[in-house]
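Fold and geometry: a report
If you want the building blocks of each chain, they are given just below.
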Amino acid sequence: MKQPCPVCTGPLDPSGLSRREFLNRFGMGVGGMALSHLLGGTAAAEEDIHATGLPHFAPKAKRVIYLFQSGGPSQLDLFDYKPLLNKLNGEELPDSVRQGQRLTGMSAHQASLPMAGSIFKFAQHGQSGAWMSDLLPHTARIADELCIVKSLYTEAINHDPAITFLQTGSQLSGRPCFGSWMNYGLGSDNENLPAFVVMLTKNKGGQPLYARLWGSGFLPSEFQGVQFRPGKDAVLYLSNPDGVDRESRRMLLNRLEELHRHQMDVSQDASLNARILQYEMAFRMQASVPEVTDLSDEPDSVFEMYGPDSRDPGTYAANCLMARRLAERGVKFIQLYHRDWDHHGGLPGGIRSECGQTDQASAALVADLKQRGMLDDTLVIWGGEFGRTNYSQGQLTATDYGRDHHPRCFTVWMAGGGVNAGTSYGATDDFGYNVAENGVHVHDFHATLLHLMGIDHERLTYKFQGRRYRLTDVHGKLVPGLMA
Amino acid sequence: MRHRFHGYLLISALTALPWHSVQAEPLGFNRDVQPILSDKCFACHGPDSASRKAGLRLDQPEAAMAAGVLSPGNPADSEVVHRIRTDDSGDRMPPPESNLALSAEEADILEQWIAEGAVYEPHWSFIPLKSVSVPVGLTPKDGNPIDAFVLAELSESGFAPAPEADRETLIRRLSLDLRGLPPTLEEIDAFLADTEPGAYLRVVDAFLADPSCAEHLAAGWLDVARYADTFGYQNDVESDLWPWRDWLIRAFDANMPYDEFITEQLAGDLLENPTQDQRLATAFNRLHRQTNEGGSINEEFRVAYVGDRTETFATAFLGLTLGCARCHDHKFDPISQREYYSLTAFFDDIDESGLYSHFTHTAPSPSMLLYDDGQERQHEILQWRIGKREGKVAEAAADAETRFAAFISEGSPIPEAQPANAWSFETMTDGKTPDSADEKADVSSVLGAGLTDGPHGKALALTGDDGAACRQAGDVERSDAFSLALWLKTPAQVPHLVVAHRTVAETDAASRGWELLLEDGKPTFGLNHFWPGNALRVQTKEPIPAETWVHVAATYDGSSTAAGVRIFVNGEAADTVVLRDHLFKTIKYEGGGGAQLLIGHRFRDVGFKGGMVDEFRFYHESLSAIDVRSLATGGDAAALWANASDAERREHYLFHADNAYAEARASLAEARTEESAFAETVRHIMVMRDMDAPREAYVLTRGQYDQRAETVEPGTPDAILPFGDSLPRNRLGLAEWLLDPQNPLTARVAVNRYWQQLFGRGLVETQEDFGLQGRPPSHPELLDFLAKRFMDSGWDVKGLLRFIVASATYRQDSDCEPALREHDPQNVLLARGPSYRLSAEQIRDQALAASGLLVPKIGGPSVKPYQPPGLWKEASQVVYNPDSGEGLYRRSMYTFIKRTVPPPAMLTFDAPNREVCTVRRERTTTPLQALVLLNDPQYVEAARVLAEKSFDATQGDEQALIERVFRLLTGRHPDARQREILAAAYDEHEQWYAAAPEAASAYLDNGEAPRVSEAPAPELAAAAAVAQAIMNFDAFQVKP
């Protein structure tokens, strides 16, 4: 004789938590760790999920907006001012500077490696006196909010390995990305929206992107980034099919819930609670996502601030504005990807175009967060996967040049939650080729970012194939100079 | 009571189950102790010598005892116990900075183990299989042994097995497990009605014999094989590997024994006289990702591919996390870094490039022609004809003796070869230099290459980045005879210089075309389809001097063989070596591809920096030695004739003056052209093919491709099974090693995978890790029994499946008391039937099958079903064009997988992205899955087509309709309450749609499939809503 199921009339899930407790405790993002626990997913089988007990200490930042500039923006034409290169323009890169550093197959066989000074004008900005070129008039205005890291370096020299390394801490495939680690570690602050949202600038050329960059790797797939897209379905499959509206969908879901409740009575299987919850959350998302992606409630002044593109969904500017809205609603990790910074040739024209699309909105986002009092606990990061060479790839002329990939040094900036604003950290040599002081390895950068989020990078681990993995592998040290 | 719960279940068992006690009985080392030692101690005191602390290793008993840290039987005297018990953080083990800690239970177990004598046992999975006796007394004598093993464990747990599930459940479970598809209503009804004994096994046998079973089993292997339709990495071009998937289906359909299945995939090419299918099977080793990102370093990626092949081998067949030993000795398992690289040595002897071609679309080498029916015979005939006509040419030569004598005695004028192109570089006007042989040829200076003084007037001076180019010149196929000649002066004998070629690029086009290089100063001439494995290359033995004008010529006879190439230096045939001789595909580009004849440089390659070139000639024929000498010496033919050898004269005569010989050659050329054109019509696919000389393999320090340490021979990890002396040290030997009855892992890993496929969880939960950090088996004797039986059965895969599904264990009801579910949520005890959410493929295929939309075609190229528009485009420059018709409704295993943008709905249901070998999928539950089932056109369409068809089949009878739709989607009859709920759903939707006829119509227009029923739209829409409700019901999504 089967016993009546005790959970049917009791709390919503067999762990004995009320729904409120349940949501509070697990942070019911789109992933929702608790769901897979309820259904006996494989995540539950890993007994030593170390994500409990997080954050490890009080976080400086509660959320991250990562403005990823894919392709590798030229630090030498934006932030890392090197007058010596202008002086030596056209001269061969000295071996003493190159030091045998490997080059990509694209310029390795070039007959000469002529150094190329930037044709853009540099000036110092803000009280901090940060150097920036005239490509970044808007970013220049928020100079004092920025911590500009000029000495970041990486290990990979081609896009795929480099971007994979920067996003996952490893050049090998199959590792979780930064956002997934955060999602796994910190959960969500909004039960109706994903904890980790990804947006791509539309209509771009340049190096392709890959879903694994926001994939969860060996972490359960519920921790992967959810892509928000312009148009009807901001989230894939969000809209009801033709002929179904919200009312009829509710009607159907009510009956579906009845089916599930009845099934629970019959089978005594409490995991059906999760099934019910799954559909309720989907239904709520159908309302909450359009609410956040509908920009019609933004005043004109906001659009003016982010620039005219911001009225055109899917542009970088519109995505920046969307990022702010998502941040306001508690999304923990918001990642933008903007492609086409890979300027092997025709760099001046190319970089002008990319800056034209991104400069104003990037700066507006920081300023907007600040005016809303959110910058203090929002960490904004701007940067690509590597830098570019100080020598020209292809022909160097008075007005044109290209730059190849350069892993030895590149520039990123951070703003907001806990960062050492109004500073430039680290330096490259006068040739802009090697790190001269305070080099920051990608692992160090990751360790520091996690620290700002209240996570000890050595203690956020996940056991996979018998080994405890970390975002920083077995490396990474905090960079105090980046933190306030 | 023995405790057999592990992992997190152990924790809940310890706290929740009063009947459990750790100290109650002696510990088993493998079961209880090893997991703790491995997880908490071995990182610093294990197999990895580099990270070992205090010189102490605890993984080997001798070493641990010798170190004096264990006092068997005397925990109080044991340093280990002191260290794990102390409060002194300086002494405490594991140390706080390791972020590891022992739980109280774990410390108790270690102490108890020492008290019991600190007895080590070899790791369970490394012990060869022995016969296991079936527990007696618990099951009937003729019962299935599986049940005896399961009951033996279960009897100690206090839980009883569940009764057999009802027949509707059983046939649905069987059908989904064996075919990946739901049973049809006819199949269900037949089974329900079959009261004869053996009904169940009749269903099993029918399902196993169904071709859809082969598809389903193949689908399961696609994850392991990391099969995808694109190369992965950023550009992610299509890789055309689906014929391998067809092989896989054929293999399962024939119930190929697992030993052959392994052998053919690993080493089918090395079998004696391998069949086309056996060679095709080896594509398994080429399914890894590959890059073509410009500027990538060839060796870096080649090493990555070899690593992937090796690690996939280890995960798939051995259940080992071999990758951990890539950069250092394995931290937990007895596998050294050296052994890792020894294993890679089996997989690195193929003639491959680290990059596939950006500018051409072809199978990266090594590759094979994959004949369709009749094509092989056709090709053989063409090749036979070439051989025949080569004979005719030889005959013509022999027959020509009298004519040759007459030619000489008549003192006929000595003919000369006429160049098709002749560039003398005397003038350069507006970047153009004339072609004195072809006025129409447009020869341009590239990037301002200029003129200098040469051996004959002016010459072309090169910087490495510039050159001379002509699109019309040198456009030849591998079946064409051609020659080129030029004067050149090289500044130095450097490793690699590009002199002249007609290719678009080096790595970016796999050097397709022909090329003349200087390698270490040695003239090197070759023709390539895909360098290095589909190419021929010949090189002089001696370098030419630097800083001196040298005349170099290369002649080629159109034979696609290295024997057809001659290289001349200063007019004399040079001694040469053959570097490659395996060219069997075109050297031309699709649609021209922007190829041109180029002197002096090549895209992203080392140009002829500081070099000079003069008097370039191109001929559409193979020159004679006298022709070349004439070019090199400037001497007139008559004078050279006088001084030439008899053989040279004869050759010159035949090449230029004998009509019969010319005819024979023309006829041979025609046959060669035909063969070469035919080869392009044959499918072409990557496979394994070892080079004649094995590549040297090295230990790579820290796994870095360019940090070569000592060399290694092909070999296997000793701790598993030493590699037999009698085995060939190649992949075939490796397959034999794998299948050696003494190999402790192969059969266990295979059996466990099939168990996992049927129960959702392996007897060893960690299918990917049978090493020390993996979970010990829940039923070790059962695992070994099955493994032994599997081997003894001749590795009979379907036999294994049949044996397992025949067990009462498999046939149990999956409903159970909450107490059992709570104590054993993972069903480790097997006290109930296996029930869990279906795979991404099963869910979609089920919707297609139930609606009748499924197109049951087997095999063929991948298809592109519905996908939200723009997904590919926004991440790359490629557009996804969904199929129309059939391609929308094929089984999901045929859905095109682009690795960088995998099919989103599949990914949402936990399908992997196929970047790496995956042997276990997660099963998550997320709201995104609900959105897919509710809104993806694939499901909406399936629901409405199902509704329409069911409506017509039941003449609109509401109850009958509900019954039918429910059964089609869940395989069972609805109960009264379910009928009631669904009837209410139907009624309210009918009302709703009656009030909104446009909505009804719009709803029924979802999907490409035409409307089926002519019934009133509101009723059909209501029926479709009911179908959608059931398609989102748990019973649709889970195996019962």
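Residues numbered from 1 in each chain as written. Chains lettered and ligands numbered in written order. Predicted model: local features only at pLDDT ≥ 70, side-chain atom pairs only at ≥ 80, totals over all residues.

The next subject is the overall build of chain A. On a plain count of helices and strands, chain A comes out with 15 helices and 17 strands. A buried classification covers 62% of the 484 residues belonging to chain A. (Helix = DSSP H or I, 4+ residues; strand = E, 2+ residues; numbered from the N terminus. Buried ≥ 20, exposed ≤ 12 C-beta atoms within 10 Å, placed from the backbone.)

This paragraph deals with the overall build of chain B. Helix and strand counts for chain B stand at 37 helices and 22 strands. The dimensions of chain B, computed from C-alpha atoms along their principal axes, are 110 × 85 × 55 Å. Every one of the 1040 residues in chain B was classed for burial, and the buried ones make up 56%. Restricting to contacts in chain B with at least 6 residues of sequence separation, those with at least 24 account for 70%. (Contact = placed C-beta atoms within 7 Å.)

The next point concerns the pairing of strand S5 (residues 196-200) of chain A. Residue and element names in this part refer to chain A. Counting buried residues along S5, 5 of its 5 residues qualify, which places the element largely inside the surrounding structure. A two-sided burial pattern is seen for S5, the buried positions comprising Phe196, Val198 and Leu200 on one face and Val197 and Met199 on the other. Pairing analysis gives 5 bridges linking S5 to strand S7 (residues 333-338), with the strands arranged parallel. Its bridge partner being in S7, leucine 200 is matched across the sheet by tyrosine 337. (Pairing = 2+ DSSP bridges.)

With that out of the way, let us pick up the confidence of the model for chain A. The predicted model of chain A averages 88 in pLDDT, with 89% of residues at 70 or higher. Ignoring residues within four places in sequence, the model shows residues 1-51 of chain A, a span with pLDDT below 50, making 111 contacts including any to other chains. (pLDDT = per-residue confidence, 0-100.)

Right, let's talk about the sheet that holds strand S11 (residues 534-540) of chain B for a bit. Residue and element names in this part refer to chain B. Pairing is antiparallel in the open sheet, where 8 strands are placed in the order S3-S6-S16-S8-S9-S10-S11-S15. Here the strands that pair on one side only, and so sit at the sheet edges, are strand S3 (444-446) and strand S15 (576-582). Across the sheet, the mean angle from the axis of one strand to that of its neighbour is 20°, orientation sign disregarded. (Axes fitted to C-alpha atoms, helices over the stretch in contact; angles between N-to-C directions.)

Listed as interface residues are 78 residues of chain A and, on the opposing side, 90 residues of chain B. Sort the elements by how many residues they give to the side of chain A that touches chain B and helix H10 (residues 246-267) of chain A lands first, with 11 residues. A per-class count over the side of chain A that touches chain B returns 32 nonpolar, 31 polar and 15 charged. (Nonpolar A, V, L, I, M, F, W, Y, C, P; charged D, E, K, R; others polar.)

Next up on the list: the nonpolar core. Counting residues in hydrophobic clusters, the biggest one holds 195 residues, and the most contacted among them are Met414(A), Val965(B), Val1026(B) and Ala1027(B). A total of 12 residues in this core trace back to one element, the largest contributor, which is helix H36 (residues 1017-1031) of chain B. Setting aside its immediate chain neighbours within four residues, Ala1027(B) contacts Ala943(B), Leu946(B), Ala947(B), Val965(B) and Leu969(B). (Core = buried A, V, L, I, M, F, W, Y, C linked by C-beta atoms within 7 Å.)

Residues and elements named next belong to chain B. Summarising the element assignment, asparagine 752 is placed in helix H24 (residues 746-759). The exposure class of asparagine 752 is buried, given the 25 C-beta atoms found within 10 Å. Spatially, the C-alpha atom of asparagine 752 lies 56 Å from that of leucine 518, the residues being 234 residues apart in sequence. Those residues within four positions of asparagine 752 in sequence are excluded, and the remaining contacts are Gly762, Leu763, Val764, Gln767 and Leu783.

With that settled, consider the packing of H10(A) against H36(B). Close contact between H10(A) and H36(B) brings their axes to 9 Å; oriented N to C, the two are set at 45°. Of the possible angle classes, the one that applies to H10(A) and H36(B) is oblique. Regarding H10(A) and H36(B), the two cross each other, and that crossing is right-handed. Side by side, H10(A) and H36(B) meet where Leu252(A), Arg255(A), Leu256(A) and Leu259(A) of the first sit next to Ala1025(B), Gln1028(B) and Ala1029(B) of the second. Considering only residue class, the contact of H10(A) with H36(B) consists of 5 nonpolar, 1 polar and 1 charged. (Parallel < 35°, antiparallel > 145°, perpendicular 65-115°, else oblique. Left-handed = near helix turned anticlockwise from the far one by under 90°.)

Right, let's get into unusual backbone geometry. Residues and elements named next belong to chain B. Of note, the amide linkage connecting serine 365 to proline 366 takes the cis form, showing an omega dihedral of -5°. Mapping proline 366 onto the fold places it in the loop between helix H16 (337-344) and strand S1 (367-370). With an omega of 10°, the peptide bond running from tryptophan 531 to proline 532 counts as cis. A positive phi angle, near 55°, is found at arginine 604, a position not held by glycine. With respect to the secondary-structure elements, arginine 604 resides in the loop between strand S16 (597-599) and strand S17 (612-619). Judged by the 19 C-beta atoms lying within 10 Å of it, arginine 604 is partly exposed.

To continue, consider the packing of helix H8 (residues 167-178) of chain B against helix H9 (residues 185-193) of chain B. Each pair of packed helices gets described by two things: the angle between the helix axes and the distance between those axes. Residue and element names in this part refer to chain B. At a minimum axis distance of 10 Å, the contact between H8 and H9 shows a crossing angle of 135°. Put simply, H8 runs oblique to H9. Both H8 and H9 take part in a crossing whose hand is right-handed. Two secondary-structure elements touch here, H8 through Arg167, Glu168 and Ile171 and H9 through Glu187, Ile188, Phe191 and Leu192.

To continue, consider helix H35 (residues 997-1004) of chain B. All names here are of chain B. Every buried residue of H35 is accounted for by Ala1000, Tyr1003 and Leu1004. Seen end-on, H35 carries its buried residues on one side only, within an arc spanning 95°. Looking at the buried positions of H35, the neighbouring elements they touch are helix H32 (937-953), helix H34 (976-995) and H36. (Arc of directions from axis to C-beta.)

Another aspect to go through is the environment of Ala535(B). Residues and elements named next belong to chain B. Tracing the backbone through its elements, the reader meets alanine 535 in strand S11. Along the chain, alanine 535 and glycine 450 lie 85 residues apart, while their C-alpha atoms are 33 Å from each other. Excluding anything up to four places from it in sequence, alanine 535 contacts Gly526, Leu527, Asn528, His529, Phe530, Arg580, His582 and Leu583.

What follows covers the confidence of the model for chain B. Residue and element names in this part refer to chain B. Put simply, chain B has an average pLDDT of 93, and 98% of its residues get 70 or more. A low-confidence stretch, residues 1-23 stays under pLDDT 50, and its non-local contacts, those more than four residues away or across chains, total 36 contacts. The ipTM assigned to the predicted complex is 0.90, against a pTM of 0.92.

All names here are of chain B. Relative to the 18 Å expected for 13 residues at 1.5 Å per residue, helix H25 (residues 780-792) spans 18 Å between its end C-alpha atoms, a close match to the ideal helical length. Buried within H25 are the following residues: Pro780, Leu782, Leu783, Asp784, Phe785, Leu786, Ala787, Arg789, Phe790 and Met791. Next to the buried residues of H25 lie helix H7 (145-154), H24 and helix H26 (797-805). The positive-phi residue at the C-terminal boundary of H25 is glycine 794, with phi of around 80°. (Expected span 1.5 Å × (residues − 1).)

Let's shift gears to the environment of Asp223(B). All names here are of chain B. Among the secondary structure elements, aspartate 223 is positioned in helix H11 (residues 211-224). Taking the C-alpha atoms as reference points, aspartate 223 and aspartate 520, 297 residues apart in sequence, are found 45 Å from one another. Setting aside chain neighbours within four positions, we find aspartate 223 in contact with Pro912 and Thr918.

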